[in-house]
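# Chains, contacts and geometry: an overview
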Amino acid sequence: SVSQSRYRTSSDIQKLAIATIYEELHSKGFSPTQSHAIKQVLTVHDELELETTIEYSEYARDMLEKHMVKAGEFVIKDCPILAEAMLVDNLSEKE
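Bear in mind that the values here come from a model prediction, so they are computed numbers and not experimental data. (Residues numbered from 1 in each chain as written. Predicted model: local features only at pLDDT ≥ 70, side-chain atom pairs only at ≥ 80, totals over all residues. Heavy atoms only, no water.)

## Describing the pairing of strand β2 (residues 47-52)
With six bridges joining them, strand β1 (residues 38-44) and β2 adopt antiparallel strand pairing. Residue pairing for β2: Ile38 is matched across the bridge by Thr52. Following β1, the chain reverses through two residues before pairing antiparallel with β2; His45 in that reversal takes a positive phi of roughly 50°. (Pairing = 2+ DSSP bridges. Helix = DSSP H or I, 4+ residues; strand = E, 2+ residues; numbered from the N terminus.)

## Points about helix α2 (residues 57-75)
Taking 1.5 Å per residue as the helical rise, α2 with its 19 residues ought to reach 27 Å, and the 27 Å between its terminal C-alpha atoms agrees with that figure. Every buried residue belonging to α2 is among Ser57, Ala60, Met63, Leu64, His67, Met68, Ala71 and Gly72, and all of these are buried. For α2, the angular spread of the buried residues around the axis is 160°, confining them to a single face. The exposed residues of α2 that point more than 90 degrees off its buried face are Glu58 and Lys70. (Expected span 1.5 Å × (residues − 1). Buried < 20%, exposed > 50% of the residue type's maximum accessible area, 1.4 Å probe, protein only. Arc of directions from axis to C-beta.)

## Looking at the environment of Tyr22
Tracing the sequence through the fold places Tyr22 in helix α1 (residues 2-27). Exposure remark for Tyr22: the relative accessible area of 41% places this residue in the partly exposed category. Residues Tyr22 and Gln40, spaced 18 residues apart in sequence, show a C-alpha to C-alpha distance of 8.1 Å.

## Description of the pattern of salt bridges
A full pass over the atoms with the stated rule returns two salt bridges. Residues Glu24 and Lys66 are paired through a salt bridge, measuring 2.9 Å at the closest nitrogen-oxygen approach. In this pair, Glu24 sits in helix α1 while Lys66 sits in helix α2, placing the two residues 42 residues apart along the sequence. By relative accessible area, which is 11% here, Glu24 ends up buried. Using a relative accessible area of 44% as the deciding quantity, one classes Lys66 as partly exposed. (Salt bridge = Lys/Arg side-chain N within 4 Å of Asp/Glu carboxyl O.)

The quantities given are spatial measurements derived from coordinates; they are silent on function.
Right under this line is the structure:
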């Protein structure tokens, strides 16, 4: 069904973004299990949550947007892909 293919597509984009974010963090020296600067902490539906320090917050936001768009463009070739990352002090501040 159309609905199932949408969910599968979203899942494919999310998994690809998770993998490429992991690769970038690892290549920059951020250990995914020991780094307190940036780490992936949660996935909910089509969202990825990163935890970061103030010092790395803008880098983390920009990296997240870049990898979500790149993954979306890889999976979906025929429409524009947008991703919006936001900085909040804690998850209860999310809109």
